Amino acid sequence: MCVGLSAKVVRIQDGMALVDASGARKEISVQLMDDLEPGDYVMVHAGIAIAKITDEDDHETDEVMEALFA
């Protein structure tokens, strides 16, 4: 089983992105992704953006995680 977390792209530079995941910021690789822009949401696994997701997907993921750990 793998766990991916949703995050919002803050900045992109040289194949890397600064993302914000519920207030935690981290640099990740975005070399597998095309046409990402700041403000987009991505699914992150092991420090790599593996999929572009919608804002609605991000909110749904947050709600599920909160329910699991509450």
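What counts, and at which threshold
Residues numbered from 1 in each chain as written. Predicted model: local features only at pLDDT ≥ 70, side-chain atom pairs only at ≥ 80, totals over all residues. Heavy atoms only, no water. Helix = DSSP H or I, 4+ residues; strand = E, 2+ residues; numbered from the N terminus. Buried < 20%, exposed > 50% of the residue type's maximum accessible area, 1.4 Å probe, protein only. Contact = heavy atoms within 4.5 Å. Patch = residues over 30% accessible without salt bridge, like charges linked within 9 Å, V, L, I, M, F, W, Y side chains within 5 Å. Areas by Shrake-Rupley, 256 points an atom, 1.4 Å probe, with all protein chains shown as cover. Salt bridge = Lys/Arg side-chain N within 4 Å of Asp/Glu carboxyl O.

A separate point is the environment of leucine 5. For leucine 5, the location among the structural elements is in strand β1 (residues 5-13). Taking relative accessible area as the criterion, leucine 5 reaches 41% and is therefore assigned partly exposed. Among all residues touching leucine 5, those that are not within four sequence positions of it are Val42, Met43, Val44 and Met65.

Right, let's get into a nonpolar patch on the surface. Taken together, the side chains of Val64, Leu68 and Phe69 define a hydrophobic patch exposed on the protein surface, amounting to about 360 Å² of accessible area. Structurally, valine 64 is set in helix α1 (residues 55-69).

Attention now goes to the pattern of salt bridges. Using the criterion set out here, one finds 3 salt bridges in the structure. The salt bridge involving aspartate 20 is made with arginine 25; its shortest N-O contact spans 3.5 Å. On the basis of relative accessibility, which here comes to 53%, the residue arginine 25 falls in the exposed class. Aspartate 40 is the partner of lysine 52 in a salt bridge, and the nearest nitrogen-oxygen pair spans 3.4 Å. Taken together, the residues lysine 52 in strand β5 (residues 48-53) and aspartate 40 in the loop between β3 (24-29) and β4 (41-45) connect sequence positions 12 residues apart. The class of lysine 52 is partly exposed, set by a relative accessible area of 43%. The exposure class assigned to aspartate 40 is buried, which follows from its relative accessible area of 18%.

Take aspartate 34: it is sitting in the loop between β3 and β4. Classification of aspartate 34 by relative accessible area gives exposed; the value is 64%. Remark: the alpha-carbon pair of aspartate 34 and alanine 51, spanning 17 residues in sequence, is separated by 9.9 Å.

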